[in-house]
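# Inside the fold
Residues per chain are reported as follows:
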Amino acid sequence: MAERGANLVVINPGSSNVRIGFASQDVPFNIPHCIARHITQRKDDTPRLSVRDKVMLNCHATPSQNAERERAYDIIASLLKIPFLDEEMPSANQALPPKMGRVDALSSQQNKDDSKFTWTDVMDRKRPVDKDADVDPLQRSTPDDTEPNSEENMYKEIIFGEDALKIPPSESYCLSHPIRRGHFNISQDYSLHQVLEDLRTIWNWILTEKLHINPRDRHLYSAILVLGETFDNREIKEMLSIVLCDLGFSTAVIHQEALAAAFGNGLSTSCVVNIGAQITQVVCVEDGVALPHTALALPYGGDDISRCLLWVQRRHRTWPNFQTDPVNKPIDMLMLNKLKESYSQIRSGSFDAVSVVHSYEHEKSVGHQKTKLSALNVPPMGLLYPRVLVPEEYPPPPRSWFQDYDDMLEDTWQTSDSLYSSGNGGFGMWDNYPMFPTRLKKFDNIGLVEAIVGGTASTAGLAPVLEQRVLNTIPSNQPIEKAEVLQSRSYPLFVPWKGGVVIFMKTVMGCRVN
């Protein structure tokens, strides 16, 4: 693999991050899947960072959704043996009751690191072109009012990855995420052409700046696209065109993410649960074949758990008086994701922690406050009780998006609103996107226990809960005595990426892969 994988690039795009690397690498580059472009403001406009996702129909929970969320919280509280929402919570200065656990995860070193933050430098400082470069330096004439080594400050036209998420809010940039909820993020304000251009630009930047592959040499490389089951034929076709036509790879292979995850763990039969940032996919694999009738899509993921964490803290009045808005301020979502990854876990009994919370309301003075975070075991339980999670709602793409006249589209379906082409039955993130019984199914309000028989995730404590609950749901007349969540052989985030390498080597190149 080290020899043959040197010219093989594996691309695993997701809604939040894209993982790209050589097949010979142990782990890929894991980069936020976003791009920020500098925009010119009119003189009467105030410069500010804009986010394309502000076109969402519902950015915040409605009263009915909040009522359902509170009922779900109380159900979770009864299971975890923690106080209900209407019960009086201990104040920050009050000693915790004996039955309540507390984790003070804030060390002095961690406090020092958490309080540091640097905004992205959006200025591209370039030296002006010296037209007298061929002239003898002694013969050059320099005006008295100019400096020969002066630098010209210019805005960076494009910023990628985590740097794009840390652009000061006062700067004139437009932040875009080309993929949302497992689909192209197409809307009236984000055309298909612009989505494809952003994908091409992001991937080309990673190939050039991270993998150091010169565009002139791309024909010497092959690519593997490891794609989630949510993408439909049109989206797959466009991504394949980017890889072959725009990026210049000589050949490309497409693999299913669930199948790659199974092979990445050395399994040919399993129930694969891929909990992503914005969508959870469940697919059963048997003897190396993904079974399409078992494919499910659950429209929630890690980002929803992070936003639920913020809701829980505000409900308990433990969140500082900061204007935290993870929907419209990407830097706030970045902070919440780090808090979730550091502290959230599933365990019985009240679970609190002490951490530093940041305020990014001003571009220069980033505030921070040490605070106690309460009920940290409630948000990850949203994977089992999704009513405590309230995903955003996105408007449907333009009607023309549903009209694809390629031969791969076999059927058209009439809905009450308009005529849509079915494609290959891909799952849509929009309510009026048609569902097909033979393809990926969407379920809004079922949890992992109802959707799977097994699974894995990085949330501490989730595996034993799933094992016990899945075992309890199996009928007594079935000869099954044990349900086990297998531990990943490598870092779970990169298993599908590595599995794409394994499948390619075993099936195409005939290599023996350990």
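Report on the accompanying structure.

Cut-offs and rules
- Residues numbered from 1 in each chain as written.
- Predicted model: local features only at pLDDT ≥ 70, side-chain atom pairs only at ≥ 80, totals over all residues.
- Heavy atoms only, no water.
- Pairing = 2+ DSSP bridges.
- Helix = DSSP H or I, 4+ residues; strand = E, 2+ residues; numbered from the N terminus.
- Axes fitted to C-alpha atoms, helices over the stretch in contact; angles between N-to-C directions.
- Salt bridge = Lys/Arg side-chain N within 4 Å of Asp/Glu carboxyl O.
- Buried < 20%, exposed > 50% of the residue type's maximum accessible area, 1.4 Å probe, protein only.
- Phe/Tyr/Trp six-rings, centres within 6.5 Å; stacked < 30°, edge-to-face > 60°.

A few words now on the sheet that holds strand E1 (residues 8-13). Spatially, the 5 strands line up as an open sheet ordered E3-E2-E1-E13-E14, and their pairing is mixed. For this open sheet the edge positions go to strand E3 (29-32) and strand E14 (251-256), each flanked by a neighbour on one side alone. The mean angle between the axes of side-by-side strands here comes to 20°, regardless of whether they run parallel or antiparallel. Across 4 bridges, E1 lies against strand E13 (residues 222-227) in parallel orientation. Opposite Leu 8, over in E13, you have Ser 222 as the bridge partner.

Counting across every chain of the model gives 9 salt bridges. The shortest N-O distance in the salt bridge between Arg 315 and Glu 70 comes to 3.4 Å. Taken together, the residues span a long stretch of sequence, with Arg 315 in helix H7 (residues 302-315) and Glu 70 in helix H1 (residues 63-80) at a distance of 245 residues. Here Glu 70 falls in the partly exposed class, since its relative accessible area comes to 29%. For Lys 166, the salt bridge is made with Glu 162, and the minimal N-O distance between the two is 3.0 Å. The class of Lys 166 is buried, set by a relative accessible area of 18%.

Attention now goes to the packing of aromatic side chains. Any aromatic ring pair is given by two values, namely how distant the centres are and how the planes are angled relative to each other. The full count for this structure, using the stated rule, is 8 aromatic pairs. Ring centres of Tyr 73 and Trp 311 lie 6.2 Å apart, and the angle between their planes is 70°; on these two criteria the pair is classed as edge-to-face. Taken together, the residues Tyr 73 in helix H1 and Trp 311 in helix H7 connect sequence positions 238 residues apart. Among the residues examined, Tyr 73 registers a relative accessible area of 1% and is labelled buried. Taking relative accessible area as the criterion, Trp 311 reaches 13% and is therefore assigned buried. A connected cluster of aromatic rings, assembled from ring pairs, spans Phe 117, Trp 119 and Tyr 360.

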